[in-house]
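This is what each chain is made of:
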Amino acid sequence: MSKTRRAAIALLSALFACAGLVLVINGSASAANLAANSGFEAGNLSGWTCSEGTSVTTGTKRTGSYALQGAPAGQSNARCQQTVTVQANTAYKLTAWVQGSYVYLGVTGGVEKQTWTPSTNGFQQLTVDFTSGAATSVTIYVHGWYGQPTYYADDVSLDGPGTPPTTTSTTTTTTTTTTTTTSNPPNTGLPKHVLTGYWQNFYNGARALRLSDVPTTYDIVAVSFADATGTPGQVSFTLDSGLSSQLGGYTDAQFKADVRTLQSRGQKVIISVGGQNGTISVGDSTSATNFANSIKSLIAGYGFNGVDIDLENGVNSTYMAQALRSIHAGGGTVITMAPQTIDMQSTGAEYFKLALNIKDILTIVNMQYYNSGSMLGCDQQVYSQGTVNFLTALACIQLQNGLRPDQVGLGLPASPSGAGGGYQSPANVNNALSCLARGTNCGTFKPSTTWPSIRGAMTWSINWDASNNWQFANTVAPHLDSLP
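The following paragraphs examine the structure supplied in this document. What you see is a predicted model, and the numbers here were worked out from it, not measured in a lab.

1. Comments concerning the side chain of Lys268
Right, on to step 1. Examined against the element boundaries, Lys268 turns out to sit in strand β15 (residues 268-275).
Right, on to step 2. The charged side chain of Lys268 is buried without a salt bridge, its nearest counter-charge being Asp219 at 10 Å.
Right, on to step 3. A polar contact is formed between the side chain of Lys268 and the backbone oxygen of Thr188, at a distance of 3.2 Å.
Right, on to step 4. Every residue in contact with Lys268, bar those within four places of it in the chain, is listed here: Thr188, Gly189, Leu190, Asp219, Ile220, Val221, Asn305 and Val334.

Right, here's the structure in full:
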């Protein structure tokens, strides 16, 4: 035992004695590497549970004789994981040395946290600091990414106390304070649960609205849509003349003033890109730069809080992630996505890959639970759109595969006129939210766990909601306020 540790224990003993507390320590809780076969020096994957494409190698390693080799293929990202016993409400440090493209290191189980490197030719150390919260075990993991080359990992370490020490005590007065720690969403100034709606910059029969007509029940207002230009990746925005005519005149200056009005109420206004007829493509570094710069220009010119990605003709996860990180760094703090249901069926899909690639800056994914027909749920059963089961069973795919609950929202039409199919009543939306957050009001499918911090709901569109006497906002917004 070091002099420093002996001195610390002596000081603690004196303090406990002064407080009338007798403390007897049996065992040790000193920090140690809790990961089994951490350097893969067993010459195999013992201690780890691994997916297809993983093995040990003697060819590329950092220390010792072996390292992990992962070759992502098909639906496998070559993931290795192990579950480790930890103490509750305790700080830990997870590290690993990795080499390759898109290598991830993370922890799950009561706490959700990860880091990754886009590319490294030599071994680079990744680090994840976390607090265990209420969990008494966590699962640590390392994996590559779909379609990427072979990666290598070595010298994994989970540093922190293992089995807690046994203590016996006699006290005259004891006060115990405990916390639980959760993974926090990006700091956007938004409430815990949010309602998102799309404001139409065009007229299609839904009630025409000035931006300032949007009620405060909507926390995020997505202005739809930015338009493609002749330059790859670049977008622009112009108020629609048909909308202006319906409103008896609506100028660019009035629109900008309305953006500020909503923000003064606490609402966030973002520019949406895409839609059913959107043809914006970001498929290389140049178009990614063009996209990012044009969005940042709109943010500077109009005061938008961020951007929504609603590209229904596909995305490139690598280059759109590059663009969104540039936008976020340039002031676009609210980043949302509205993929179709097929885009979020598997973590191998580009939209899902994009969401996970930007998880640290992503605000919310409001998948469109409409215009899709029947789809597979997380239990591998087929569910039909228009039902509570469809909402809960498809949401849990995202919740079980890497997104935090505060990054998952339910996107629905505001009225039967808002979509070709998949409309369901706002009461059904509330039931699905209750099922996901509390485990109540479920359909025949009930998830094995609950996610109290499920983020909220989205609707297409605010204008169709207005035409339907605001039934969506007036029903769903108060329910969101009642969630845990």
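2. Things to note about the nonpolar core
Nonpolar side chains in soluble globular proteins tend to end up buried together.
Right, on to step 1. Membership of the largest hydrophobic core comes to 110 residues, with the highest contact counts inside it found for Trp199, Leu211, Phe255, Phe291, Phe304 and Ile309.
Right, on to step 2. Sort the elements by how many residues they give to this core and helix α7 (residues 388-400) lands first, with nine residues.
Right, on to step 3. Within the second largest apolar cluster, 27 residues are counted, among which are Trp48, Val84, Val98 and Phe130.

3. Looking at the environment of Thr136
Right, on to step 1. Secondary-structure assignment places Thr136 in the loop between β8 (113-131) and β9 (137-143).
Right, on to step 2. When the C-alpha positions of Thr136 and Val86 are compared, they lie 5.0 Å apart, and in sequence the two are 50 residues distant.
Right, on to step 3. Aside from chain neighbours lying at most four places away, what touches Thr136 is Val84, Thr85 and Val86.

4. Focus on helix α5 (residues 317-329)
Right, on to step 1. For α5, spanning 13 residues, the distance from its first C-alpha to its last is 18 Å, which sits close to the expected 18 Å at 1.5 Å a residue.
Right, on to step 2. In the core, the buried residues of α5 are packed alongside α4 (285-302), β16 (306-311), β17 (334-337) and α6 (350-357).
Right, on to step 3. For α5, the capping residue at the N-terminal end is Asn316, with a side-chain oxygen 3.0 Å from the backbone nitrogen of Thr318.
Right, on to step 4. Where α5 terminates, the next one or two residues include Gly331, which has phi positive at roughly 110 degrees.

5. A word on the pattern of salt bridges
Right, on to step 1. All told, the structure shown has six salt bridges when counted by the stated rule.
Right, on to step 2. Between Asp155 and Arg62 there is a salt bridge, with the nearest N and O atoms lying 2.9 Å from each other. Linking Asp155 in strand β10 (residues 151-160) with Arg62 in the loop between β4 (54-57) and β5 (67-70), this pair joins segments that are 93 residues apart in sequence.
Right, on to step 3. A relative accessible area of 37% places Arg62 in the partly exposed class.
Right, on to step 4. A salt bridge links Lys353 to Glu350; its shortest N-O distance comes to 2.8 Å. Taken together, the residues span about one helical turn, with Lys353 and Glu350 both in helix α6 at a distance of three residues.

6. Remarks on the environment of Thr318
Right, on to step 1. With respect to the helices and strands, the residue Thr318 is situated in helix α5.
Right, on to step 2. For Thr318, a relative accessible area of 28% gives the class partly exposed.
Right, on to step 3. Separated by 216 residues in sequence, Thr318 and Tyr102 place their C-alpha atoms 10.0 Å apart.

7. Concerning the packing of α4 against α5
Right, on to step 1. Contact geometry of α4 with α5 gives a least axis separation of 8 Å together with a crossing angle of 30 degrees. As judged from the angle between their axes, α4 and α5 are roughly parallel. The interaxial crossing formed by α4 with α5 has right-handed handedness. From α4, Ser285, Ala288, Thr289, Phe291, Ala292, Ile295, Lys296 and Ile299 reach across to α5, where they touch Tyr319, Met320, Gln322, Ala323, Ser326 and Ile327.
Right, on to step 2. For the contact of α4 with α5, the class distribution of residues is nine nonpolar, four polar and one charged.

8. Looking at the packing of aromatic side chains
Right, on to step 1. Taken as a whole and assessed by the stated rule, the structure comprises 18 aromatic pairs.
Right, on to step 2. In this arrangement the basic side chain of Arg79 is found over the ring face of Tyr141, its NZ or CZ atom lying 4.0 Å from the centre.
Right, on to step 3. In this structure, Lys256 is placed above the aromatic ring of Tyr302, and the distance from its NZ or CZ to the ring centre is 5.1 Å.

9. Observations concerning the pairing of strand β6 (residues 80-85)
Right, on to step 1. Only one face of β6 is covered, namely the face carrying Cys80, Gln82 and Val84; the face carrying Gln81, Thr83 and Thr85 is uncovered.
Right, on to step 2. Relative to β9, β6 is paired through six bridges, and the arrangement is antiparallel. Residue Thr83 lies in a different strand from β9, and its bridge partner there is Thr139.

The rules behind these values
- Residues numbered from 1 in each chain as written.
- Predicted model: local features only at pLDDT ≥ 70, side-chain atom pairs only at ≥ 80, totals over all residues.
- Heavy atoms only, no water.
- Helix = DSSP H or I, 4+ residues; strand = E, 2+ residues; numbered from the N terminus.
- Buried < 20%, exposed > 50% of the residue type's maximum accessible area, 1.4 Å probe, protein only.
- Lys, Arg positive; Asp, Glu negative; His and termini not counted.
- Salt bridge = Lys/Arg side-chain N within 4 Å of Asp/Glu carboxyl O.
- Polar contact = N/O pair within 3.5 Å; in protein donor to acceptor, adjacent residues only side chain to side chain.
- Contact = heavy atoms within 4.5 Å.
- Core = buried A, V, L, I, M, F, W, Y, C linked by side-chain atoms within 4.5 Å.
- Expected span 1.5 Å × (residues − 1).
- Axes fitted to C-alpha atoms, helices over the stretch in contact; angles between N-to-C directions.
- Parallel < 35°, antiparallel > 145°, perpendicular 65-115°, else oblique.
- Left-handed = near helix turned anticlockwise from the far one by under 90°.
- Nonpolar A, V, L, I, M, F, W, Y, C, P; charged D, E, K, R; others polar.
- Phe/Tyr/Trp six-rings, centres within 6.5 Å; stacked < 30°, edge-to-face > 60°.
- Lys NZ or Arg CZ within 6 Å of the ring centre and 35° of its normal.
- Pairing = 2+ DSSP bridges.

Read these as geometric descriptors, not functional statements.
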